Amino acid sequence: MIACVLVELQNKKLDKMFDYNVPKDLEKYMKIGIRVKVPFGRQNLEGFVLDFKDKSDFELRNISYVVDKDIVLTPDLLRLGKIMKEKTYSSLISCYQTMLPKALKASYKTDIKIKYDTFYELNNTFFNLTPKMKEVVSLFSSNKIIPRKDVMEKYRDVRKLVDIGLLKEVKKEHYRLNYDIEKNVRYELTPDQKSVYEEFINTDDSVYLLHGVTGSGKTEVYMEIIDYYLKMGKTSIVLVPEISLTPQMVERFTKRFGNIVAALHSALSDGERYDEWRRISRGDAKIVIGARSALFCPLKNIGVIIIDEEHSDSYIQDDASPHYNAIELAIIRAKDVHAKVMLGSATPSLESYARAKKKLYHLLSLTKRATGAPLPDVKIIDMNYGIRNATGPFSQELIDAIKKKIDKKEQIILLLNRRGYSRVVTCKNCGYTYKCPNCDIALTYHKSSNNLRCHYCGYASNVDDLCPSCHSKTLSSFGIGTEKVEEYLNKIFPSARVLRMDYDTTTRKGSHKKMLDAFKDHKYDILLGTQIVAKGLDFENVTLVGIINADTSLNIPNYRSSEETFSLISQTAGRCGRKGKKGTVYIQTFNKEHYAIKYAEKHDYIGFYHEEMKIRHTLKYPPYYYILYIKIGGKDNMYTYNESLRIKKSFEKHLKDEIILGPSTTGILKINNVFHYGIIIKYKEDDNIRKVLTLMENAYISNNKIKIDIIFNPRHF
């Protein structure tokens, strides 16, 4: 038997299968999708068995051994990886590696062991028993298998009982995650929810878009749909955009469905992810919940893939190869296994809503909150005037509103989408600014650790009392982050309990859940955070939301900045007034007349959609045009720029109907000592595009001086 093995090498020239002999003693384990260890040159590498053949034209070496007895990539994942390779211009092995949890990758050095609990069965009682032994035997009168600790309470030397043949030791795998939650908690659907559910199960479309206002009960609809598929013997995947939402979602689902729920997200330990992966692979888990990587779980017999908050950027991987859109791949995987896809959001992406309007997606709507509560009132505070009476970042109007809510024992959520204490530290005397030595960006000051950090490469530096350039004591910080806002809150409201939730405060394992549970239990009055607090949170006592600087996302130089601003405001506003108590939202802005702000004030997604679509049409942006972004990076600035010019000229030579822009510097020219330039191509048909990309890829496959990233329809440049 000859196995065709895809070896785990990142060299694109070697991204192909190699033939290996299968030793006789390993033939019984051979399956497509299995991982094996093979000799490759002077190395021993892991690889995936992707095919078998009877003959080969080469002198073959033997497979060393089988890494896993179970298949780690199911047939549909193997097919999805091949499609992913073609769509993203990535290597096939990088696509397959993206699908695997860290503990299953060849580069992972730590040996994660399966945990076991020890139990005992009664083996043989045909000999004289001491009184103590009889007590042990009595344990098995009602149970066939007893945990070790229960046996040891009766007889400490359990090993002796095994040695004499009275008991037989049994090992059962111990999963690191515990889902010991009361199940069968179910809520009756409202008439509107029931109508959406029935329309979904009684129609035969492939992709559905559920546009439901915040608090309309989309999650209850999801669970009812999943229950329907469970009764048909089918499984489900649920994707959520933020890690912070995963524990909440898992808890809600386990209360309904019990321990057939599995979680997959980066906040889990490697051992927990390893356990969950194997639970899914074995069929013990029927519902998988997690971030975008959960799409690649080895779940079989899928009935539905649900993508909550489908508008979120979190579903797009554009910072590392392969650059993929999890929604696009979810639709491909679902079609391959004859499953349905449900996309849900209060603020759908323009692309998704446009597809729904064109009947490419089946549009479903929930226009009212499930509790009957009204959407919150929205008040715009014009900071062009409000700044005169402001205390730090807070207008007097927002301060007064917060005080009233605290006095009424109600809770507040405040959003500032920038972490840290201040954006930059600059010398007032000479103008010196602390910058990252690896990246073309100012360092952000973090007061709690008293250091400056780069949020791109991780570089950190201490702050000096004296300016490093002119040695004067005139250093000053500018801009504001969540850490500084927390300081202001403690000064303005000394009796209020403030909880800050951002990347810096949520790095410890389980921190998201602990913080949200504490806020839910009203151990804090104010929850301050970045966009981590904007989605999916449901607290019945929150009656005030304050958006401290709504212009943060509006000022980003990106074609989606208005859409992101509208979505962020609408989603954050939706966190209050959900359970009967009247909610109010305060939006502080210097651009009160901007259409994204005005439509968010009225909770008018449809109005915003039509306004934004006019602009997208005029400027030839999605969904009217597709966008291709070619990102060229290298350590030699001039060489990288000249190669970027050469690539652009090649595109101009072969593409006549497309719009080609650039090359220009990326948002940040230098990151981690690598200079980056970008070329933007707007197009409507991709046949010619892909031919030219193949030519470019072949021309640069052996060039180690630059790295070229091909990104289709990026959210950011």
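Preceding block: the structure.
The notes below deal with the structure included here.

So, how was this worked out
- Residues numbered from 1 in each chain as written.
- Predicted model: local features only at pLDDT ≥ 70, side-chain atom pairs only at ≥ 80, totals over all residues.
- Heavy atoms only, no water.
- Helix = DSSP H or I, 4+ residues; strand = E, 2+ residues; numbered from the N terminus.
- Buried < 20%, exposed > 50% of the residue type's maximum accessible area, 1.4 Å probe, protein only.
- Contact = heavy atoms within 4.5 Å.
- Pairing = 2+ DSSP bridges.
- Axes fitted to C-alpha atoms, helices over the stretch in contact; angles between N-to-C directions.
- Polar contact = N/O pair within 3.5 Å; in protein donor to acceptor, adjacent residues only side chain to side chain.
- 1 Å grid on protein atoms, 1.4 Å probe; cavity = no way out; pocket = protein on both sides within 12 Å on 5 of 7 lines; lining within 4 Å.
- Points joined across faces, edges and corners; volume = space filled by probe spheres on them.
- Parallel < 35°, antiparallel > 145°, perpendicular 65-115°, else oblique.
- Left-handed = near helix turned anticlockwise from the far one by under 90°.
- Nonpolar A, V, L, I, M, F, W, Y, C, P; charged D, E, K, R; others polar.
- Expected span 1.5 Å × (residues − 1).
- Arc of directions from axis to C-beta.
- Disulfide = S-S within 2.5 Å.

1. Some remarks on the overall build of the protein
Regarding its fold elements, the protein presents 21 helices and 32 strands. Reported as C-alpha extents along the three principal axes, the dimensions of the protein are approximately 95 × 70 × 65 Å. Burial analysis of the protein (717 residues in total) assigns 53% to the buried set.

2. Some remarks on helix H2 (residues 92-99)
Among the 8 residues that make up H2, 8 are buried, leaving the element largely enclosed by the rest of the structure. Those residues of H2 that fall on the buried side of the exposure criterion are Leu92, Ile93, Ser94, Cys95, Tyr96, Gln97, Thr98 and Met99. In this fold, the buried residues of H2 make contact with strand E1 (2-7), strand E4 (43-53), helix H1 (75-88), helix H9 (270-282) and strand E15 (324-325).

3. So, unusual backbone geometry
Across the junction of serine 321 and proline 322, the peptide omega takes the value 0°, indicating a cis bond. Tracing the chain through its elements places proline 322 in the loop between strand E14 (316-317) and E15. Unusually for a residue other than glycine, lysine 359 sits at a positive phi of about 70°. Looking at the element boundaries, lysine 359 is found in the loop between helix H11 (350-357) and strand E17 (362-366). Positive phi is not limited to glycine here, since histidine 603 has a value of about 55°. If you trace the backbone, histidine 603 turns up in the loop between helix H18 (595-601) and helix H19 (605-619).

4. Comments concerning the sheet that holds strand E32 (residues 706-712)
Spatially, the 4 strands line up as an open sheet ordered E30-E31-E29-E32, and their pairing is antiparallel. Looking at strand neighbours, the two that pair on one side only are strand E30 (659-671) and E32, the edges of this open sheet. Mean inter-strand twist for the sheet, computed between neighbouring axes without regard to direction, equals 20°. Two elements, E30 and strand E31 (residues 674-683), share 7 bridges in a ladder whose sense is antiparallel. Bridged to threonine 665 within E31 is tyrosine 677. Packing of helix H20 (residues 637-654) onto the sheet brings it into contact with strand E29 (626-634), E30, E31 and E32, and relative to E31 it is tilted by some 15°.

5. Here we look at the side chain of serine 553
Within the secondary structure layout, serine 553 lies in helix H16 (residues 551-554). A polar atom in the side chain of serine 553 sits 2.9 Å from the side chain of threonine 565. With residues up to four places along the chain from it excluded, the contact list for serine 553 reads Ser561, Glu564, Thr565 and Leu568.

6. Looking at the layout of surface pockets
A volume near 1,300 Å³ is recorded for the second largest pocket. What lines the second largest pocket is a set of 44 residues, among which Glu328, Arg355, Tyr361, Tyr626 and Asn713 lie closest to the centre. Among the elements that line the lining of the second largest pocket, the one with the most residues is helix H10 (residues 326-336), at 6 residues.

7. A look at the packing of H1 against H2
Packing of H1 against H2 leaves a shortest axis separation of 8 Å and a crossing angle of 125°. The angle between H1 and H2 places the two elements in the oblique class. Every pair of crossing elements has a handedness; the one defined by H1 and H2 is right-handed. Packed against H1, whose contacting residues are Leu77, Leu78, Leu80, Gly81, Lys82, Met84, Lys85 and Thr88, the element H2 presents Leu92, Cys95, Tyr96, Thr98 and Met99 at the interface. Here the contact of H1 with H2 is built from residues that sort into 8 nonpolar, 3 polar and 2 charged.

8. A short note on helix H13 (residues 396-407)
In a regular helix each residue adds 1.5 Å, so 12 residues correspond to 16 Å; H13 covers 17 Å between its end C-alpha atoms and thus fits that length. Every buried residue belonging to H13 is among Leu398, Ile399, Ala401, Ile402, Lys405 and Ile406, and all of these are buried. Seen along its axis, H13 keeps its buried residues to an arc of 165°; they face one direction. Facing away from the buried side of H13 by more than 90 degrees, the exposed set consists of Lys404 and Asp407. Tucked into the core, H13 has its buried residues touching strand E18 (377-382), strand E19 (411-415), helix H14 (482-492), strand E26 (526-529), strand E27 (542-547) and strand E28 (584-589). A positive backbone phi angle near 65° is found at lysine 409, which sits one or two residues after H13.

9. Digging into the state of the cysteines
Going through the model one piece at a time under the given rule, you end up with 0 disulfides. Free of any disulfide, cysteine 4 has its nearest cysteine sulfur in cysteine 95, 19 Å distant. Given the relative accessible area of 5%, cysteine 4 is considered buried. The thiol of cysteine 95 is unpaired, and the distance to the nearest cysteine sulfur, on cysteine 297, comes to 17 Å. When its relative accessible area of 0% is taken as the criterion, cysteine 95 is described as buried.

10. Description of the pairing of E17
What you see with E17 is a clean split: His362, Leu364 and Leu366 sit on the buried side and Leu363 and Ser365 on the side with no burial. Both strand E9 (residues 207-212) and E17 contribute to a ladder of 5 bridges, which runs parallel. Across the sheet, residue leucine 209 finds its bridge partner in E17, namely leucine 363.

11. Observations concerning the side chain of glutamate 410
Here glutamate 410 is to be found in the loop between H13 and E19. Relative accessible area serves as the criterion here: at 9%, glutamate 410 is assigned to the buried category. Those residues in contact with glutamate 410 that lie beyond four places of it in its chain are Lys405, Asp525, Asn541, Thr543 and Lys581.

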